[in-house]
Amino acid sequence: MTVLTAARIDLRGLERQLARAGCITARRAGGLRVWHDGESSVVDTSMAIVDGLSDHSIDQAGQLLGRPPRDGLTCVFDGPVGRSEAWPTVVDIARAAARVAPLAVLDDHAGTIYLIHLDRGLIGPDEYADVRIRSKQANPLLRRLFGG
């Protein structure tokens, strides 16, 4: 999984947002280890090298963000996408990233890119298909929805 954003992700700001969401974090080389108290599942994060991502991921994220992604956060966890015990933590990380770097998407590396909404969490393609950005300029509707 990779969270891609239109702005830089501030790791300290991300830690603060995760704490507000009830997550526990531990700094590690290049990122954070994140979990919820009392749970055994963890998510390891690291700053993504956007240029190292697939052209497809960058293009899809750029369509939704209105410009190529500027920064990213890779999330690694055990289990399948959407069904892992760590999945709620991944969603919390995505929402926290969207709070520190508004306009963010999550690429599950399984063919789906989600918009990240601060309150609702992940919004799938079935909901955003009508407002997908078709030009290099950001879609005003998405900017109003997501505060970018």
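Look up a bit, the structure's there.
Residues numbered from 1 in each chain as written. Predicted model: local features only at pLDDT ≥ 70, side-chain atom pairs only at ≥ 80, totals over all residues. Heavy atoms only, no water.

### Describing the sheet that holds strand E5 (residues 71-76)
Selection rule: Two strands qualify as a pair provided that DSSP identifies no fewer than 2 bridges between them. Counting from the N terminus, the helices are the DSSP runs of H or I reaching at least four residues and the strands are the DSSP runs of E reaching at least two. To define axes, lines are fitted to C-alpha atoms, for helices over the stretch in contact only, and angles between the resulting N-to-C directions are given on a 0 to 180 degree scale. In this analysis, two residues are considered to be in contact whenever any of their non-hydrogen atoms come within 4.5 Å of each other.
Taken in spatial order, the eight strands of this open sheet run E2-E3-E4-E5-E1-E6-E7-E8, and their pairing is antiparallel. The open sheet terminates on both sides in strands that have one partner only, identified here as strand E2 (23-28) and strand E8 (121-123). Strand-to-strand twist of the sheet, defined as the mean angle between neighbouring strand axes without regard to direction, takes the value 30°. Where strand E6 (residues 104-107) lies against strand E7 (residues 113-117), three bridges are found, and the strand directions are antiparallel. From the neighbouring strand, Asp 107 faces E7, where its bridge partner is Ile 113. In the packing of helix H1 (residues 11-20) onto the sheet, contacts are made with E2, strand E3 (31-36), strand E4 (43-47) and E5, and the angle to E2 comes to roughly 155°.

### With respect to H1
What counts, and what does not: Working definition: with a 1.4 Å probe on protein chains only, accessible area under 20% of the residue-type maximum means buried, over 50% means exposed, and in between means partly exposed.
Those residues of H1 lying buried are Leu 11, Gly 13, Leu 14, Glu 15, Gln 17 and Leu 18. Elements in contact with the buried residues of H1: E2, E3, E4, E5 and helix H3 (87-100). Count one or two residues on from H1 and you reach Gly 22, which has phi positive near 85°.

### Regarding the packing of H1 against H3
We count it as follows: An angle below 35 degrees is treated as roughly parallel, one above 145 as roughly antiparallel, one from 65 to 115 as roughly perpendicular, and anything else as oblique. Handedness of a crossing follows from how the near helix is turned relative to the far one, being left-handed for an anticlockwise turn of less than a right angle and right-handed for a clockwise one. In this count, Pro and Cys sit with the nonpolar residues alongside Ala, Val, Leu, Ile, Met, Phe, Trp and Tyr, while Asp, Glu, Lys and Arg are called charged and the others, Gly among them, polar.
Between H1 and H3, whose axes approach to 9 Å, the crossing angle comes to 125°. Compared by their axis directions, H1 and H3 come out oblique. As for how H1 packs across H3, the hand of that crossing is right-handed. Contact with H1, carried on its side by Gly 13, Leu 14, Gln 17 and Leu 18, involves Asp 92, Ile 93, Ala 96, Ala 97, Arg 99 and Val 100 of H3 and no other residues of that element. Split into classes, the residues belonging to the contact of H1 with H3 amount to six nonpolar, two polar and two charged.

### Comments concerning unusual backbone geometry
Unusually for a residue other than glycine, His 109 sits at a positive phi of about 60°. Inspection of the secondary structure puts His 109 in the loop between E6 and E7. Residue classification places His 109 among the partly exposed positions, given a relative accessible area of 46%.

### Some thoughts on the pattern of salt bridges
Charged atoms that come close allow side chains of opposite charge to pair. Rule in force here: Note on definitions: salt bridges are taken to be side-chain nitrogens of Lys or Arg within 4 Å of carboxyl oxygens of Asp or Glu.
Scanning the model with the defined rule gives six salt bridges in all. Asp 71 is the partner of Arg 8 in a salt bridge, and the nearest nitrogen-oxygen pair spans 3.9 Å. Here Arg 8 is found in the loop between strand E1 (2-5) and H1, whereas its partner Asp 71 is found in strand E5, with 63 residues between them in sequence. The closest approach of N and O atoms between Asp 44 and Arg 28, which form a salt bridge, is 3.7 Å. Placement of Asp 44 in strand E4 and of Arg 28 in strand E2 is noted, with a sequence separation of 16 residues between them.

### Quick notes on the nonpolar core
Using the following cut-off: Buried Ala, Val, Leu, Ile, Met, Phe, Trp, Tyr and Cys residues that are joined via side-chain atoms within 4.5 Å together make up what is termed a nonpolar core.
The biggest cluster of nonpolar side chains holds 28 residues, and the ones touching the most others in it are Val 3, Leu 14, Leu 18, Trp 87, Leu 106, Ile 116 and Leu 122. Elements with a minimum of two residues in this core: H1, E3, E5, H3, E6 and E7. Beyond its immediate stretch of four places on either side in the chain, Leu 18 contacts Cys 23, Thr 25, Leu 32, Val 34, Asp 92, Ile 93 and Ala 96. Core analysis: the next-biggest nonpolar cluster, separate from the first, contains 14 residues, Leu 53, Ile 58, Leu 115 and Ile 123 among them.

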